[in-house]
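Coordinate analysis (summary)
Residues per chain, in single letters:
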Amino acid sequence: MRLILVPLLVACSGDGTTTTQTTPTTTPVETEPEGELYALTNTGNRNREGHTARSFPYEGGGVFAGDEPDNLFPSNDGVQAFFTINLKATPEDRKDKENLFDGDFTIHQALLSTRQVEVRGTPFEDLGALNLHEVQFDQFSRELWDLEPLEGGLSCVFADHRDGPFECDVTEAVRRSLRDEQRLLQFRLSFDGLSDADGQRDMALFYRSDVNATEDDIFDLDVYATPR
Ligand SMILES: [Ca+2]
Ligand SMILES: [Ca+2]
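Values in this document were obtained by computation on a predicted structure and should not be read as measured data. (Residues numbered from 1 in each chain as written. Chains lettered and ligands numbered in written order. Predicted model: local features only at pLDDT ≥ 70, side-chain atom pairs only at ≥ 80, totals over all residues.)

1. Examining the overall build of the protein chain
Counting its secondary structure elements, the protein chain contains two helices and 14 strands. The 228 residues of the protein chain split such that 33% are buried. (Helix = DSSP H or I, 4+ residues; strand = E, 2+ residues; numbered from the N terminus. Buried ≥ 20, exposed ≤ 12 C-beta atoms within 10 Å, placed from the backbone.)

2. A word on the sheet that holds strand E3 (residues 36-41)
Read from one edge to the other, the open sheet built from four strands follows the order E3-E14-E7-E11, with strand pairing classed as antiparallel. Only two strands of the sheet have a single partner each, and these edge strands are E3 and strand E11 (167-169). The mean angle between the axes of side-by-side strands here comes to 20°, regardless of whether they run parallel or antiparallel. With three bridges joining them, strand E7 (residues 105-113) and E11 adopt antiparallel strand pairing. Its bridge partner being in E11, Ser113 is matched across the sheet by Glu167. Each of E7, E11 and strand E14 (220-227) is contacted by helix H2 (residues 171-179), which is oriented at about 130° to E7, the strand it contacts most. (Pairing = 2+ DSSP bridges. Axes fitted to C-alpha atoms, helices over the stretch in contact; angles between N-to-C directions. Contact = placed C-beta atoms within 7 Å.)

3. As for unusual backbone geometry
Backbone torsion omega between Gly164 and Pro165 reads 0°, so that peptide bond is classified as cis. For Ala197, which is not glycine, the phi dihedral falls at a positive 55°. Within the secondary structure, Ala197 is located in the loop between strand E12 (184-191) and strand E13 (202-206).

4. Quick look at the nonpolar core
In this structure, Phe64, Ala65, Ala81, Val174, Ala204 and Val223 are the most contacted members of the largest nonpolar core, which totals 44 residues. Examining the composition of this core, we find that five residues originate from one element, strand E6 (residues 78-86), more than from any other. (Core = buried A, V, L, I, M, F, W, Y, C linked by C-beta atoms within 7 Å.)

5. Quick notes on the confidence of the model for the protein chain
Taken over all residues, the pLDDT of the protein chain has a mean of 87, while the share at 70 or more is 85%. Across residues 1-22, confidence stays below pLDDT 50; counting only partners more than four residues off in sequence or on other chains, it has 25 contacts. (pLDDT = per-residue confidence, 0-100.)

6. Remarks on the pairing of E6
With nine of nine residues buried, E6 lies mostly within the body of the structure. Both faces of E6 are covered, namely the face carrying Gly78, Gln80, Phe82, Thr84 and Asn86 and the face carrying Val79, Ala81, Phe83 and Ile85. Where strand E4 (residues 50-53) and E6 come together, four bridges link them in antiparallel fashion. Across the sheet, the residue bridging to His51 is Ala81, located in E6.

7. Some details on the environment of Tyr58
Inspection of the secondary structure puts Tyr58 in the loop between E4 and strand E5 (63-67). Distance from Tyr58 to Leu72, taken between C-alpha atoms, is 9.2 Å for residues 14 residues apart in sequence. Not counting residues up to four positions away in its chain, the partners in contact with Tyr58 are Thr52, Ala53, Arg142 and Trp145.

This is the structure we're talking about:
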């Protein structure tokens, strides 16, 4: 925050001199977070990412969530997406640097976001908010359909409008993962509701070129960190 003094009142006194009163007001100023940027993305690994139905064991490769009323989901069942970020990965532009997992860093800020999203139908109106829950699993599979969120893990609203933003502050989750030597940061995305049973798709789909594939570089984790 930068303090800006704004003239509030200009008054002329009887002897012809002018006095000015000021009052402090605050204006938000965009500032870069402290530290260096470590830009990570999701793995794009089929063993770590995909979608499951929310009410029965099923799995597929695309990373999407919402109401998917096709013949695989005869009861207008909901789907939820899973993805993973490897904190041990070395960012492309930082080959000369130690990765976050092997190094010793002060983490100033970590923001998880995406712009690789397509919204079909009206999920935010019909199903509610798109929620992000931190989870842990070894292998992506249909058995994750009823996986509980990680105890003490991060939960947040990733988006509540089709125009976004699609993002969450995950600073504490990154700090805790590094402290606990947990190499993988894993998340589930799901809407508040399963389905509005209108026979229409109401979904958020995350992809670059193939909606049914698992692709890397969809979710961005921007970590600002300083080596200790
Ligand atoms: Ca629907
Ligand atoms: Ca609908």
